[in-house]
Amino acid sequence: QVQLVESGGGVVQAGGSLRLSCAASGILFNRFAMGWYRQAPGKQRELVAVIDSGGTTTYADSVQGRFIISRDNTKNTVYLQMNSLKPEGTAVYYCNARWSWRDNWGQGTQVTVSS
């Protein structure tokens, strides 16, 4: 059974930092591309960052230079370091694991950035 468990969300002031973690189980972690997405109230879910099985990263333009995605294959965990947070970053952040036709989602963790 695939499980993706996010942690690290919370309330932070604008300009602050948070680090999200996503622990995966039930998958061959090192084969999967791992991603972070977010969904703000009333908006569609959007890509934040992705790291593929080889370590190549992709970022949304809105977070480029402020967020860093990384993975630890020994711990089956992907991280999202979020710096210089902005109020528009308030959203539920979801972890995603994707390989071939397999597409798995976590339950999400709330991030609230106060102005």
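So, how was this worked out
Residues numbered from 1 in each chain as written. Predicted model: local features only at pLDDT ≥ 70, side-chain atom pairs only at ≥ 80, totals over all residues. Heavy atoms only, no water. Helix = DSSP H or I, 4+ residues; strand = E, 2+ residues; numbered from the N terminus. Disulfide = S-S within 2.5 Å. Buried < 20%, exposed > 50% of the residue type's maximum accessible area, 1.4 Å probe, protein only. Pairing = 2+ DSSP bridges.

Chemist: Account for unusual backbone geometry, naming residues and giving values.
Modeler: With a phi angle near 50°, asparagine 76 is a residue other than glycine that sits in the positive phi range. Relative to the assigned elements, asparagine 76 resides in the loop between strand 7 (67–72) and strand 8 (77–82). Look at serine 84: it is not a glycine, yet its phi comes out positive at around 50°. Of note, serine 84 is situated in the loop between strand 8 and strand 9 (91–99).

Chemist: Before we move on, could you go through the state of the cysteines and cite the residues and values that matter?
Modeler: Applying the stated criterion to the full structure yields one disulfide. The disulfide bridge from cysteine 22 ends at cysteine 95, spanning 2.1 Å between sulfur atoms. Its torsion about the S-S bond being -80°, the disulfide of cysteine 22 and cysteine 95 is classed as left-handed. One end of the pair, cysteine 22, is in strand 3 (residues 18–25); the other, cysteine 95, is in strand 9, and 73 residues separate them in sequence. Given a relative accessible area of 0%, cysteine 22 falls into the buried group. Cysteine 95 gets classed as buried once you look at its relative accessible area, which sits at 0%.

Chemist: Tell me about the pairing of strand 5 (residues 46–51), residues and numbers included.
Modeler: Here strand 4 (residues 33–39) pairs with strand 5 via five bridges, running antiparallel. When the bridges of strand 5 are listed, tyrosine 37 appears paired with leucine 47. Counting the residues that bridge the hairpin from strand 4 to strand 5 gives six residues, and of these glycine 42 lies at a positive phi of roughly 80°. Of the pairings in the sheet, the one linking strand 5 to strand 6 (residues 57–59) comprises three bridges and is antiparallel in character. The residue bridging alanine 49 from the neighbouring strand is tyrosine 59, located in strand 6.

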